[in-house]
Every structure is written in structure tokens, then in C-alpha cells.
Number of protein chains: 2
Amino acid sequence: MGIKERKEKHKEDLRQRILDAAKELFLKDGYDATSIRKIAEKIEFSPTTIYLYYKDKADIMYALHQEGFILLGTQFAVLQHVHEPFERLKAMGRVYMSFALNNPDFYELMFIMKEPIEFVKAHCHGEEWEEGEQAFGALIMTVNHCKEVGYFTKFDTTAFALNIWSLMHGLCALKLQGHLDHMASTKTEIFAGDDWMEKTFSSFVQMLEGLK
Amino acid sequence: MGIKERKEKHKEDLRQRILDAAKELFLKDGYDATSIRKIAEKIEFSPTTIYLYYKDKADIMYALHQEGFILLGTQFAVLQHVHEPFERLKAMGRVYMSFALNNPDFYELMFIMKEPIEFVKAHCHGEEWEEGEQAFGALIMTVNHCKEVGYFTKFDTTAFALNIWSLMHGLCALKLQGHLDHMASTKTEIFAGDDWMEKTFSSFVQMLEGLK
DNA sequence: AAATATAATTAACACTGTTAATATTCCTAA
DNA sequence: TTAGGAATATTAACAGTGTTAATTATATTT
């Protein structure tokens, strides 16, 4: 039955081609401008064909959402080689920030938009979406390691990890949505100099260092 | 020329009626579901009439965005009566959190969505949008007052204020987009109990208290 | 009352996601 | 080899969206 396998492979191929086309459009023009019809045009198929391979637009975007988490996951994975826990924590912050700045569309899809997480809730009830949880798991672990070497000893691990994630996310989100730049350009007397993301992050690190 | 004035007033009235209809739909069904046609139907006018009073949809949403900032501003204004700076800072955090939870659609429009801030950039070049900046100004002032009574003395005021805003925004945004609840429901062993927003905020306050 | 300015409307454009019905292709069994 | 049936792809259509141009109705001024 080699023919059936080839059929299956062909089908899997087309599914991937749809995703690649979607990804290209998405990274170029963003979520809204990535329409089913444009994806179809890119792969030279009829728009409705796409619905034979993906449930709907949210399904396609969820697939990209997953790709994003895998990408962030691989960047986090490298940091497991940094043995000193606090150094690793700082490095994770830097990587998170870089990821957001270098992949703004992915970041938006992964952490800002509602659609993908609602798709998870609606269709992936149960075990799915390990990728996202893994990243948070890595943070929890690192905070615990930090506690072992004397940091944050008075704090609840989960609450502290949420603090860190909230701050990093808030900083990235405010930057990406243009709020930071807007403040810097209107409140010039207070926002002297530039790179306030870096300055804010440094200030946060300084804060954490005081908690040893 | 009393007639001309009445005409002007009538025109201003319709502008307000459009905004009220938009607000009602927006608070009920959110941004996307608030269409020009639905607004028009509500005020019993033709859809295109709306374009005689507002430039486009973003213009209407910017008006609501402003209303949101005025609402938050009034809630902040009350806190000026809290004299002890650190107490005031904590109260501001609580008010910010409550505002986000009680007015999720407003919060999204004000701090999460791109459209309104891009509308500001495109059309309100210059002096406009004091409301938003005022809220941040209040935070800067309070941080400075905290420094005067011995808090955060080693930190740059602007960077520290950005830290606080980032954390509060990140926490609210993660909550509103469903990320917090998702984590709590999948990582049950780590997220025992509930109200992790409150727990995270408490942890943050605990952190700030250590900086005296 | 006629001319003009203002206000509101209809019709249309160019899109969007999505579904039902139809056509085409391909593999299997007689 | 050919007929039947399943899988795949397409066309047509629905119900929307924001927005603009052209047209009509209303009110004001000359």
C-alpha cells in the first residue's frame, strides 16, 4: 500500500504549504491582512480548499502560534547551559525581550491577541499546547534555582514568577503597541535619552539583585 | 443669529448620539462587533451619515478611548487625597487593577489595541491626548514623593515608574487575554488556590516595601 | 421665489470568513 | 477495461465589513 502513503504525504505537504504561505503573509502584513483568499492565491488553489486542511482561520493562526512558542522554546533551551541561576534568569529576560522586538507579529499572536488562546480553549481541551506551558515551567524552575542560591527567599515562587512574566510582558507589550515611544516623544523632559526598554529592564535587574 | 447656534447644537447632539450608540454597542459586544452599520441602525440614520460627524471608525474609537482615560483619570484623582506616598502608590495599583477588571473593553481599547494610538499618531500630532499622559504623570509624581520619604532612592524615577506600569499592565493584560487562567487550569500543582492576580500584586507590594 | 449651501441618502466598490452544491480527479472492485 | 464510489477541488453564494462617489432632500440666504 505504498500509494496510500504517498497520498497521505501529499496531503500533509499541502497542509504545510498552506501554513508556509500563511506564515509569509502574516510576517509581512500581520494578522488582519492575512486573508484566506490571499493564502489561496499564493499556493494557487481555490480559497475553499483551505477549509479541507484547516478548520478555519483561527486554526491556521493557532498553528503559527505554536510555531512561535517552539521558536521561543529553542531560544530558552540554549539558556539551560547557563548554570548560575540568577544569570540564567537575567538571560531569559533578555531573550524574551529580544524575541518580542525581533518577532513582533509572533509576539502579538502568542501573548497579546485573544484568538489563538480562545481556539485552544474551544478545541484543544486537555493535553494540548505544551509549548507555551513549557516556557513558563522553565521560568518557575529558574526562580526555584534562584531561591536555592539565596535569592527571593521570602517570596512565593509562583507569585514571583508571575511578577517577572508580568513585568517582561508589560514592557514588551507597551513597547510594541507604541505606548512607550508615545510617552517618550511627548514627555521629553522626563524621557531624556533613549532605549527606555533597556533602562527599565536594567532597573528591574537592579531591583532583583537587592533581593538576595 | 440664534438659529445658527441651535443648528450647531443640533449637530453636536447628533455627534454625541453617535458616540453613545457606539459606546453601548462597544461595551456590549466589543470592538469588532461594533460596526458602522449597527451604530447607524441604532440612531436610525443611514450608515454614511456617520462619516459626516466622524472621519472613520478609528475616529469614533479614539473618542471612546479618550472617555476611558477620563474615567481612569477621575478614579486616580480621588487618590490624591491619600497623603502618604507609598500608600497612594499601592492604592493606584489597586485602582488600576480594578479598572482593568471592571472595564475590560475600555482597558483593551486604551492599552492593548493598536488602532487608537495609531490614530493619535496620524491625526493628533502635537498637543492632543493629555488624558493618557496625565495618568502617567501622576505615577511619576507619586514615585518622586515616595523617594522623598525614603523609598526607591537608588533608582531612576522614570525607569522605576515604567517598571511599575509595565508590571501592572502586564498583569492586567495577561489576565484579560486569558493567559493567567489558562496557566492556572493546566498547571494545577503550581497554581493551587485562586486569585493569582491578587497574590501577584501582593508579592509586588512586598517587593517594593523592601526598597525603603 | 430662486439660488445656494447643508445634510442625508442610495448605490456601489472592494474586501472579509465561511458554507452548500457542484464538478473533477483518482483509486478500487467487478 | 470499465463502472462505481470516495476523496479532492471548484464555483457560486451568503452575510457581513469599512468606505467613497453620486444623488436627493432639506434648510438657509439672496
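Residues numbered from 1 in each chain as written. Chains lettered and ligands numbered in written order. Predicted model: local features only at pLDDT ≥ 70, side-chain atom pairs only at ≥ 80, totals over all residues. Heavy atoms only, no water.

## Description of the packing of aromatic side chains
The description of two aromatic rings rests on the distance between their centres and on the angle between their planes. Scanning the model with the defined rule gives 30 aromatic pairs over all chains in all. Between Tyr107 of chain B and Phe111 of chain B the ring centres are 4.8 Å apart and the planes differ by 45°, which places this aromatic pair in the tilted class. In this pair, Tyr107 of chain B and Phe111 of chain B are both assigned in helix 5 (residues 104-112), four residues apart and thus about one turn of the helix distant. Classification of Tyr107 of chain B by relative accessible area gives buried; the value is 0%. Residues Phe191 of chain B and Trp196 of chain B carry aromatic rings whose centres are separated by 5.2 Å and whose planes lie at 75° to one another, so their mutual orientation is edge-to-face. We classify Phe191 of chain B as buried; its relative accessible area is 4%. Connected via pairs of aromatic rings, a cluster forms that spans Phe69, Tyr96, Tyr107, Phe111, Phe136 and Trp165 of chain A together with Phe191 and Trp196 of chain B. (Phe/Tyr/Trp six-rings, centres within 6.5 Å; stacked < 30°, edge-to-face > 60°. Helix = DSSP H or I, 4+ residues; strand = E, 2+ residues; numbered from the N terminus. Buried < 20%, exposed > 50% of the residue type's maximum accessible area, 1.4 Å probe, protein only.)

## Some words on the environment of Lys175 of chain B
All names here are of chain B. Mapped onto the secondary structure, Lys175 falls in helix 8 (residues 157-176). A C-alpha to C-alpha distance of 26 Å links Lys175 and Gly210, two positions 35 residues apart in sequence. Sequence-distant contacts of Lys175, defined by excluding residues within four places in its chain, comprise Leu101, Leu180, Asp181 and Met197. (Contact = heavy atoms within 4.5 Å.)

## Digging into the relation of the copies chain B and chain A
When chain B is fitted to chain A, the best match, at an RMSD of 0.0 Å, comes from turning it 180° and sliding it 0.0 Å along the axis. The superposition of one copy onto the other is thereby described by a two-fold rotation axis. Most of the interface of chain B is mirrored in chain A, where 100% of its interface residues again form contacts. (Least-squares fit on C-alpha atoms with pLDDT ≥ 70 in both.)

## Notes on the UniProt feature "DNA-binding region" (unreviewed entry) in chain A
Cross-referencing UniProt, the feature "DNA-binding region" (unreviewed entry) maps to residues 35-54 of chain A in the present numbering. Between the C-alpha atoms that bound residues 35-54 of chain A there is a distance of 13 Å. The span itself is 40% helix and 0% strand. (UniProt positions renumbered as here; feature names shortened; annotations may be inferred.)

## Digging into helix 4 (residues 85-102) of chain B
All names here are of chain B. With 18 residues, helix 4 extends 25 Å from end C-alpha to end C-alpha; this agrees with the ideal 26 Å at 1.5 Å per step. Turning to helix 4, its buried residues number three or more, namely Pro85, Phe86, Arg88, Leu89, Ala91, Met92, Gly93, Val95, Tyr96, Met97, Phe99 and Ala100. Of the surrounding elements, those touching the buried residues of helix 4 are helix 3 (57-78), helix 5, helix 7 (130-148), helix 8 and helix 10 (196-209). N-capping of helix 4 is provided by Glu84, with a side-chain oxygen placed 3.2 Å from the backbone N of Phe86. (Expected span 1.5 Å × (residues − 1). Polar contact = N/O pair within 3.5 Å; in protein donor to acceptor, adjacent residues only side chain to side chain.)

## Overview of the protein's contact with DNA strand D
In the vicinity of DNA strand D there are 18 residues, among which Ser46, Thr49 and Tyr53 of chain A together with Arg37 and Thr48 of chain B approach most closely. Take Thr49 of chain A: an N or O atom from its side chain is 2.6 Å from a phosphate oxygen of DNA strand D. A distance of 2.6 Å separates a base nitrogen of DNA strand D from a polar atom in the side chain of Arg37 of chain B. Counting only elements with at least two residues in the surface near DNA strand D, the list comes to helix 1 (2-29) of chain A together with helix 2 (36-43) of chain B. (Near = heavy atom within 4 Å.)

## Side note on the UniProt feature "domain: HTH tetR-type" (unreviewed entry) in chain A
The residues that UniProt annotates with the feature "domain: HTH tetR-type" (unreviewed entry) are residues 12-72 of chain A. Here residues 12-72 of chain A runs as 69% helix and 0% strand, with 25 Å between its end C-alpha atoms.

## A closer look at the domain arrangement of chain A
Residue and element names in this part refer to chain A. Taken domain by domain, chain A comprises domain 1 (1-54) and domain 2 (64-209). Spacing between the C-alpha centres of domain 1 and domain 2 amounts to 31 Å. With seven residues of domain 1 in contact, the opposing surface of domain 2 contributes seven residues. When the two sides are added together, the surface that domain 1 and domain 2 hide from each other amounts to roughly 730 Å², 74% of it contributed by carbon and sulfur. When residues of domain 1 are sorted by the area they lose upon contact with domain 2, Lys23, Phe26 and Tyr31 head the list and together hold 65% of the total. Scanning the region where domain 1 abuts domain 2 turns up one salt bridge. Lys23 is paired through a salt bridge with Glu67; the nearest N and O atoms lie 2.9 Å apart. Our enumeration of links across domain 1 and domain 2 arrives at one residue pair in polar contact (both at pLDDT 80 or more). Per-class residue counts for the side of domain 1 that touches domain 2 are five nonpolar, one polar and one charged. (Domains from an automatic or database assignment. Buried area = accessible area lost by both parts, 1.4 Å probe. Salt bridge = Lys/Arg side-chain N within 4 Å of Asp/Glu carboxyl O. Nonpolar A, V, L, I, M, F, W, Y, C, P; charged D, E, K, R; others polar.)

## Here's the deal with helix 10 of chain B
Spanning 14 residues, helix 10 of chain B covers 20 Å between terminal C-alpha atoms, matching the ideal 20 Å at 1.5 Å per step. Restricting attention to buried positions, one finds in helix 10 of chain B the residues Trp196, Met197, Thr200, Phe201, Ser203, Phe204, Val205, Met207 and Leu208 of chain B. On its buried side, helix 10 of chain B packs onto helix 8 (157-176) and helix 10 (196-209) of chain A together with helix 4, helix 8 and helix 9 (179-186) of chain B.

## Points about the interface of chain B and chain A
Each partner contributes residues to the interface: chain B has 49 residues there, and chain A has 49 residues. Taken over both partners, the interface formed by chain B and chain A buries close to 4,600 Å², and the fraction arising from carbon and sulfur atoms is 69%. For chain B, the biggest contributors to the area lost against chain A are Asn163, His179 and Met207 of chain B; these three give 14% of the whole. When the shortest N-O distance is used, the salt bridge between Glu108 of chain B and Lys114 of chain A registers 2.9 Å. Between the two partners, chain B and chain A, sit 18 residue pairs in polar contact (both at pLDDT 80 or more). When contributions to the side of chain B that touches chain A are tallied by element, the ones reaching two or more residues are helix 5, helix 6 (115-123), helix 7, helix 8, helix 9 and helix 10 of chain B.

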